[in-house]
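What follows is each chain in one-letter form.
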Amino acid sequence: MVSLSFLLNIPLMPEMANYVWPISETSLISPEYCLEYIWDKGDCWKSLIVKLLGIIMILAAFLNKAPILANVLSKQSVAGLSIASLYSEIIVYSNQVIYGLRVGLPFTSYGENGALLLQNVTLIFCCWQFSSPRTS
């Protein structure tokens, strides 16, 4: 089989390999081991697939509110948006992000909530900017 250990000589590849296959005392896998036996060992593939799925979920989360945001920015109107629901989503997403940071979870396990939090904050700023003043 072909060994991929030569990839560790490319700049930034050792850091990426350590991200995908972190070195720990309890783990039997390491970047060197997985790049040497990538085609033979299932543990290396599982770790790689889990990290890739986490990154894909984070990138896909940025598309969640993108149509709403694009519509608000193009029309410069927030008609139909509930500011209360946006505030409540801020509480939910920030709670999940803070918990992930506090416990020390990997970013791929809570990153999609961070993406949604960022989009909600942007929508709230749009609501503040584009909402018409109330007349009494």
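Worth saying up front: this structure is predicted, and the values here are computed from it rather than measured.

Conventions adopted
- Here the residue numbering is sequential within each chain, running from 1 through the sequence in written order.
- In keeping with the predicted nature of the model, local features appear solely for residues at pLDDT of at least 70, side-chain atom pairs appear and are counted solely at 80 or more, and the whole-chain, interface and lining totals rest on all residues.
- Side-chain metrics in this entry use all non-hydrogen atoms of the structure; hydrogen atoms and water are not considered.
- For helices the rule is a DSSP run of H or I covering at least 4 residues; for strands it is a run of E covering at least 2, with both sets numbered from the N terminus onward.
- Note on classification: 1.4 Å probe, protein chains only; a residue is buried when its accessible area is under 20% of the maximum for its type, exposed when over 50%, partly exposed between these limits.
- Pairs of residues are marked as contacts when any of their non-hydrogen atoms sit within 4.5 Å.
- Here the accessible surface of atoms and residues is derived via Shrake-Rupley with a 1.4 Å probe, and residues count as covered only by protein chains that are part of the display.
- By convention in these notes, a salt bridge is any Lys or Arg side-chain nitrogen within 4 Å of a carboxyl oxygen on Asp or Glu.
- Among buried residues, the Ala, Val, Leu, Ile, Met, Phe, Trp, Tyr and Cys ones that are joined through side-chain atoms within 4.5 Å form a nonpolar core.
- A patch consists of residues whose relative accessible area exceeds 30% and which take part in no salt bridge; residues with like charges are grouped when within 9 Å of each other, and nonpolar side chains (Val, Leu, Ile, Met, Phe, Trp, Tyr) when within 5 Å.
- Aromatic pairs are defined between Phe, Tyr and Trp rings, using the six-membered ring for Trp, whenever the two ring centres lie within 6.5 Å; interplanar angles under 30 degrees are classed as stacked, those over 60 as edge-to-face, and all others as tilted.

1. Examining the overall build of the protein chain
Alright, step 1. On a plain count of helices and strands, the protein chain comes out with 6 helices and 0 strands.
Alright, step 2. Seen in sequence order, the protein chain has helices and strands lined up from the N terminus as α-α-α-α-α-α.
Alright, step 3. Counting across all 136 residues of the protein chain, residues that qualify as buried make up 29%.
Alright, step 4. Within the protein chain, contacts between residues at least 6 apart in sequence are counted, and of these 68% link residues at least 24 apart.
Alright, step 5. Taken as a whole, the protein chain presents about 9,400 Å² of accessible surface, with 66% of it coming from carbon and sulfur.

2. Concerning the pattern of salt bridges
It is possible for side chains of opposite charge to pair when their charged atoms get near one another.
Alright, step 1. A full pass over the atoms with the stated rule returns 1 salt bridge.
Alright, step 2. Ionic pairing is found between Glu89 and Lys65, a salt bridge with its closest N-O pair at 2.8 Å. Here Glu89 is found in helix α5 (residues 83–103), whereas its partner Lys65 is found in the loop between α3 (42–61) and α4 (66–75), with 24 residues between them in sequence.
Alright, step 3. For Glu89, a relative accessible area of 23% gives the class partly exposed.

3. Observations regarding the nonpolar core
Nonpolar side chains in soluble globular proteins tend to end up buried together.
Alright, step 1. The biggest cluster of nonpolar side chains holds 14 residues, and the ones touching the most others in it are Val72, Val78, Leu86, Leu123 and Cys126.
Alright, step 2. Sorting the residues of this core by element identifies α4, α5 and α6 (107–130) as the ones contributing at least two each.
Alright, step 3. Looking at this core element by element, the count peaks at 7 residues for α6.
Alright, step 4. If we skip the residues at most four places from it in the chain, Leu86 touches Asn120, Leu123, Ile124 and Cys127.

4. Describing a nonpolar patch on the surface
Alright, step 1. A cluster of nonpolar side chains, namely Trp45, Ile49, Leu52, Leu53 and Ile56, defines an oily patch on the protein surface of about 470 Å² accessible area.
Alright, step 2. Considering the arrangement of structural elements, one finds Ile56 in helix α3.

5. Things to note about the packing of aromatic side chains
Alright, step 1. Inspection of every chain in the model, using the stated rule, returns 2 aromatic pairs.
Alright, step 2. Ring centres of Phe107 and Tyr110 lie 5.5 Å apart, and the angle between their planes is 80 degrees; on these two criteria the pair is classed as edge-to-face. Note that Phe107 and Tyr110 are positioned in helix α6 at a spacing of 3 residues, about one turn of the helix.
Alright, step 3. Here Tyr110 falls in the buried class, since its relative accessible area comes to 9%.
Alright, step 4. Geometrically, the ring pair formed by Phe125 and Trp128 is edge-to-face, given 5.2 Å between the ring centres and 70 degrees between the ring planes. Remark: Trp128 and Phe125 occur in helix α6; sequence separation between them is 3 residues, near one turn of the helix.

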